[in-house]
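Take a look at the letters that make up each chain.
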Amino acid sequence: MAKIFCVANQKGGVGKTTTSVNLAAGLAKLDQRVLLVDLDPQGNATMGAGINKAGLKSSIYEVLLGEADVNTARMRSEAGRFDVLPSNRELAGAEVEMVQLEQRERRLKDALAAVDSEYDFVLIDCPPALSMLTLNGLCAAHGVIIPMQCEYYALEGLSDLVNTIKKVHANLNTDLKIIGLLRVMFDPRMTLSQQVSAQLEEHFGDKVFKTIIPRNVRLAEAPSYGIPGVVFDPASKGAQAYIAFGAEMVKRIKTM
Ligand code: ATP
Ligand code: MG
């Protein structure tokens, strides 16, 4: 059975997609079978995995509306050696169109059930909003990975996300839990980064992942080549950190 994780934070630009794509590729390097679900109409995870979002025959949009199954819509990231359920701007319409559907928050969960046995990990890259799309991700998942930048405003908004996760846990998905907070774009030379990082550890204890992802320009350059950073420059500090994070996740699921 696959373990399913949402990479979520309603703040924009905090490193959700970079984490999703590089964790997927990092896990693939550790011989894990991975499906990356792009649940964001921006399609950044799709592009970052090397798939052209403009040329899709079918996508997660059709899957959520019941017009295609996962088997038809999924594609292969040759560079990353994982599968992708791709997305593009069409997905923005799904939010409205799903309103009329029954059990609309469970569409993704139901669709993923068909391929569950084929993967060790399913990673869901969520959009920067607590929307119906994110709700579908949270209903489908066993746990949430929350990427955070160690900056002054990092904790602002975290309580909204935590409350949403609690509500989903209580009403829709009793499996759901916060797996951990992942410190990303970390700059060890900044005192503020160090302070916020220490505060996170103090408040959240073992809910903070041991691995810290540094700010690393190679991770930012990789998407323009359609290659995950961990493959683009495996020796870079950013790549090494995401591979270490993959190993931490493999260890973590053994205790779940
Ligand atoms: P959105 O909310 O729009 O979906 P996001 O949370 O998915 O954004 P990313 O797209 O992963 O965030 O990252 C935002 C920007 O920061 C991107 O330009 C990305 O390349 C860059 N970035 C992410 N992580 C790192 C890192 N560790 N080092 C350097 N740059 C990074
Ligand atoms: Mg993103």
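Residues numbered from 1 in each chain as written. Chains lettered and ligands numbered in written order. Predicted model: local features only at pLDDT ≥ 70, side-chain atom pairs only at ≥ 80, totals over all residues. Heavy atoms only, no water.

Caption draft 1: Geometry of the pattern of salt bridges. All chains considered together, the criterion is met by seven salt bridges. A salt bridge links R74 to E118; the shortest N-O distance between them is 2.9 Å. Of this pair, R74 sits in the loop between α4 (70–73) and β3 (75–77) while E118 sits in the loop between α6 (107–113) and β5 (121–125), and the two are 44 residues apart along the sequence. Given the relative accessible area of 16%, R74 is considered buried. Several salt bridges converge on common partners, so that one network encompasses R218, E221 and D233. (Salt bridge = Lys/Arg side-chain N within 4 Å of Asp/Glu carboxyl O. Helix = DSSP H or I, 4+ residues; strand = E, 2+ residues; numbered from the N terminus. Buried < 20%, exposed > 50% of the residue type's maximum accessible area, 1.4 Å probe, protein only.)

Caption draft 2: Representation of the packing of aromatic side chains within the structure. Counted according to the given criterion, the structure contains four aromatic pairs. Ring centres of F209 and F245 lie 4.8 Å apart, and the angle between their planes is 75 degrees; on these two criteria the pair is classed as edge-to-face. Here F209, found in strand β8 (residues 208–214), pairs with F245, found in helix α12 (residues 237–254); they are 36 residues apart in sequence, far enough to count as distant. Each of the two residues, F209 as well as F245, counts as buried. (Phe/Tyr/Trp six-rings, centres within 6.5 Å; stacked < 30°, edge-to-face > 60°.)

Caption draft 3: Summary view of unusual backbone geometry. Even without glycine at this site, R81 takes up a positive phi of about 60 degrees. Relative to the elements of secondary structure, R81 occurs in the loop between β3 and β4 (82–85). Positive phi values are uncommon outside glycine, yet Q103 reaches one of about 45 degrees. With respect to the helices and strands, Q103 occurs in the loop between α5 (91–97) and α6. Here Q103 falls in the partly exposed class, since its relative accessible area comes to 48%.

Caption draft 4: Representation of the sheet that holds strand β1 (residues 3–7) within the structure. Pairing is mixed across the open sheet formed by eight strands, whose spatial order is β3-β4-β2-β5-β1-β6-β7-β8. Each edge of the sheet is formed by a strand with only one pairing partner; in this case those strands are β3 and β8. Looking at each pair of strands side by side, their axes are set apart by 25 degrees on average, direction ignored. Where strand β7 (residues 177–186) and β8 come together, three bridges link them in parallel fashion. What sits directly across from F186, in β8, is P214. Contacting β1, β2 (34–38), β4, β5, β6 (143–149) and β7, helix α1 (residues 16–29) runs over the sheet at an angle of about 165 degrees to β5. Here α12 sits on the sheet and contacts β1, β5, β6, β7 and β8; the angle it forms with β8, its principal contact strand, is near 165 degrees. (Pairing = 2+ DSSP bridges. Axes fitted to C-alpha atoms, helices over the stretch in contact; angles between N-to-C directions. Contact = heavy atoms within 4.5 Å.)

Caption draft 5: Spotlight on the UniProt feature "domain: AAA" (unreviewed entry) in the protein chain. The UniProt record annotates "domain: AAA" (unreviewed entry) at residues 3–178. Helix makes up 37% of residues 3–178 and strand 18%. Its end C-alpha atoms lie 13 Å apart. (UniProt positions renumbered as here; feature names shortened; annotations may be inferred.)

Caption draft 6: Quick peek at the pairing of β7. β7 sits mainly inside the fold: eight of its 10 residues count as buried. Across seven bridges, β6 lies against β7 in parallel orientation. Bridge assignment links I146 to a residue of β7, and that residue is L181. Considered for its hand, the β-α-β crossover made up of β6, helix α8 (residues 158–171) and β7 is right-handed. (Right-handed = clockwise from strand over helix to strand, strands pointing away.)

Caption draft 7: Layout of the packing of α1 against α12. Remark: α1 packs on α12, axes separated minimally by 8 Å, with the N-to-C direction vectors making an angle of 70 degrees. As far as their axial angle goes, α12 and α1 are roughly perpendicular. Contact residues: T18, T19, N22, L23, G26, L27 and K29 in α1; Y242, I243, F245, G246, M249 and V250 in α12. (Parallel < 35°, antiparallel > 145°, perpendicular 65-115°, else oblique.)

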